[in-house]
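Survey of secondary and tertiary structure
Residues per chain are reported as follows:
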Amino acid sequence: MYCLELAGEDDAFAACEAASAADAVDVVAPGLATARGISPDRLRTLAYTHRASELVGHTDADVDSARHLLEAATVDRRGSVAVRARDVHGKTGVSTQAAERTLGSVLVDRGFSVDLDDPDHVLRALFSDDVCLLGWLEVESVRDFGDRKPTDRPFFQPGSMAPLDARAFVNIAGAKPGATILDPMCGTGGVLLEAALVGARVVGADAQWKMARGSQTNFEALTPEATWDVLRGDATSLALRDDSVDGVVFDAPYGRQSKIARHELADLVAGALAEAARVAPRAVVVADRSWEDAAVDAGWEVDHLFERRVHGSLTRYVHVLTRA
């Protein structure tokens, strides 16, 4: 078993993404989840999971209970150690310094040396709500999203999605080495850039030549080794064979956006959903409203519908779909 340290404010959404890299993910306390197994390489690519640790056990959220748990646990490791404690969301009132000192003393008594700079092993003590999880750090995600601001790309347009969210959406859609991910409304290509960075082959289309060419420019500059195809195309009539991709992600035009080629918004989204169901078994659709009924009419089952507030005037609705 493993414990996962979740990021962000929506644990259900973070757990949904984590399921792309872990088995049987279960949120057990605010900011914390457990999993039966993990794929370390995949977990490094997650946006909304910080770390995974091999679970030692769980107990009450106080230092004495954590000490008793560690004293009773079987530890089959040797070498140097550091203890890192967290009061997740800062709500338990536990002294993390006291926890680190107390648990460190237990490990020293069991033959470990302490190395705070470059230890062989790191014990994570995670306090949240009324639970404490102890685990040996296994893997951390790579937090480099701030290096890829949309405004730093060669081709930029206002309204581009932040890389952190784009990464989460493509992970949920199944992006990984060997998979093919499609965005039929690719805009500047930001969503597909994140899919390419985790090793997926990406296919993009946009109704505007300007966007298609701009996406090509961004891919050439930022992911030169990736496998990608971007073309001008209509999301309601894709030049792709049935079942030719593994997952679809698209950010539907918002109601305040007036330029939607020749389609009315409802017709565009309904047509794009139908085409996505034809070419892929899984999709993530982001919009400024619920398109749940349209998704069902297009042949999808709605596994999840998350509402993620961006700012005062925008809430994103994230539809996680599997083909019925």
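If you're wondering where the values come from, they're calculated on a predicted model, not measured in any experiment.

**Some thoughts on the packing of helix α5 (residues 163–173) against helix α6 (residues 190–197)**
Where α5 contacts α6, the axes come no closer than 8 Å and their chain directions differ by 65°. As α5 packs across α6, the resulting crossing turns out to be right-handed. The residues of α6 that touch α5, namely those facing Pro163, Ala166, Arg167 and Val170, are Gly190, Val191, Glu194, Ala195 and Leu197. Considered class by class, the residues forming the contact of α5 with α6 number six nonpolar, one polar and two charged.

**Comments concerning the side chain of serine 128**
With respect to the secondary-structure elements, serine 128 resides in strand β9 (residues 121–128). Judged by relative accessible area, which is 1%, serine 128 ranks as buried. Within the local environment of serine 128, its side chain forms a polar contact with the backbone oxygen of proline 30, the two atoms lying 2.6 Å apart. The contacts of serine 128, once residues within four sequence positions are left out, are Ala29, Pro30, Leu32, Val88 and Thr92.

**A word on the sheet that holds strand β16 (residues 300–311)**
Where strands meet in a sheet, backbone hydrogen bonds hold them as pairs that are either parallel or antiparallel. Here we have seven strands laid out as an open sheet, ordered β13-β12-β11-β14-β15-β17-β16, and mixed in their pairing. Each of the sheet's edge strands pairs with one partner strand only, and the pair in question is β13 (228–232) and β16. Adjacent strand axes in the sheet meet at a mean angle of 15°, parallel and antiparallel pairs treated alike. In the sheet, strand β11 (residues 180–183) pairs with strand β14 (residues 247–251) via two bridges, with the strands oriented parallel. Paired with isoleucine 181 across the strands is glycine 247, a residue of β14. Along the sheet, helix α1 (residues 11–18) contacts β16 and β17 (314–323); its crossing angle with β16, the most-contacted strand, is approximately 125°. Where helix α7 (residues 209–222) meets the sheet, its contacts fall on β12 (201–206) and β13, and the angle it forms with β13 comes to roughly 165°.

**Thoughts on the pattern of salt bridges**
Opposite charge on two side chains makes pairing possible when the charged atoms of those side chains draw close. Counting across every chain of the model gives 18 salt bridges. Among the ionic pairs, arginine 77 bridges to glutamate 54, the shortest N-O distance being 3.0 Å. Here arginine 77 is found in the loop between α3 (63–72) and β7 (80–87), whereas its partner glutamate 54 is found in strand β6 (residues 49–60), with 23 residues between them in sequence. Classification of arginine 77 as buried rests on a relative accessible area of 16%. For glutamate 54, a relative accessible area of 34% translates into the label partly exposed. When salt bridges with common partners are traced through the structure, they connect Glu5, Arg51, Arg86, Arg124 and Glu140 into a single cluster.

**Points about the packing of aromatic side chains**
Tallied over the entire structure, the rule returns five aromatic pairs. With 5.4 Å between their ring centres and 20° between their planes, phenylalanine 219 and tryptophan 228 make a pair best called stacked. Here phenylalanine 219 falls in the buried class, since its relative accessible area comes to 0%. A cation sits over an aromatic face here: arginine 308 above phenylalanine 13, 4.1 Å from the ring centre.

**Observations concerning the nonpolar core**
Core analysis: the biggest nonpolar cluster contains 49 residues, and Leu4, Phe13, Ile38, Leu43, Phe169, Val249 and Val284 have the highest contact counts within it. Taken together, the elements giving at least two residues each to this core come down to β1 (2–6), α1, β4 (32–35), α5, α6, α7, β15 (282–287) and β17. Broken down by element, the residue count for this core peaks at six residues, all from α5. Setting aside residues up to four positions removed in sequence, isoleucine 38 forms contacts with Tyr2, Leu4, Ala21, Ala22, Leu43, Ala52, Glu138 and Val139. The next biggest cluster of nonpolar side chains, apart from the first, holds 27 residues, and it includes Leu182, Leu265, Ala287 and Ala298.

**Examining the environment of glycine 93**
The residue glycine 93 is located in the loop between β7 and α4 (96–109) in this model. With 34 residues separating them along the chain, glycine 93 and phenylalanine 127 place their C-alpha atoms 9.1 Å apart.

**Focus: the pairing of β13**
Here five bridges tie β12 to β13, and the two strands are oriented parallel to one another. Bridge pairing links alanine 205 to leucine 231 in β13.

**Comments concerning the environment of threonine 227**
Mapping threonine 227 onto the fold places it in the loop between α7 and β13. Owing to a relative accessible area of 47%, threonine 227 belongs among the partly exposed residues under this scheme. Considered as a pair, threonine 227 and valine 202 are 25 residues apart in the sequence and their alpha carbons are 6.5 Å apart. The contacts of threonine 227, once residues within four sequence positions are left out, are Ala200, Arg201 and Val202.

**Some points on α1**
Of all the eight residues making up α1, seven are buried; the element is thus mostly covered by neighbouring parts of the structure. Residues of α1 that are buried: Asp11, Phe13, Ala14, Ala15, Cys16, Glu17 and Ala18. Backbone nitrogen of alanine 12 and a side-chain oxygen of the N-cap are separated by 3.2 Å at the start of α1; the cap is aspartate 10.

**Some words on the packing of α1 against α5**
At a closest axis distance of 8 Å, the pairing of α1 and α5 adopts a crossing angle of 55°. In terms of axis orientation, α1 runs oblique to α5. Where α1 approaches α5, its residues Phe13, Cys16 and Glu17 are matched on the opposing element by Arg167, Ala168, Phe169, Asn171 and Ile172. Tallied by class, residues from the contact of α1 with α5 come to five nonpolar, one polar and two charged.

About the thresholds
- Residues numbered from 1 in each chain as written.
- Predicted model: local features only at pLDDT ≥ 70, side-chain atom pairs only at ≥ 80, totals over all residues.
- Heavy atoms only, no water.
- Axes fitted to C-alpha atoms, helices over the stretch in contact; angles between N-to-C directions.
- Helix = DSSP H or I, 4+ residues; strand = E, 2+ residues; numbered from the N terminus.
- Left-handed = near helix turned anticlockwise from the far one by under 90°.
- Contact = heavy atoms within 4.5 Å.
- Nonpolar A, V, L, I, M, F, W, Y, C, P; charged D, E, K, R; others polar.
- Buried < 20%, exposed > 50% of the residue type's maximum accessible area, 1.4 Å probe, protein only.
- Polar contact = N/O pair within 3.5 Å; in protein donor to acceptor, adjacent residues only side chain to side chain.
- Pairing = 2+ DSSP bridges.
- Salt bridge = Lys/Arg side-chain N within 4 Å of Asp/Glu carboxyl O.
- Phe/Tyr/Trp six-rings, centres within 6.5 Å; stacked < 30°, edge-to-face > 60°.
- Lys NZ or Arg CZ within 6 Å of the ring centre and 35° of its normal.
- Core = buried A, V, L, I, M, F, W, Y, C linked by side-chain atoms within 4.5 Å.
- Parallel < 35°, antiparallel > 145°, perpendicular 65-115°, else oblique.

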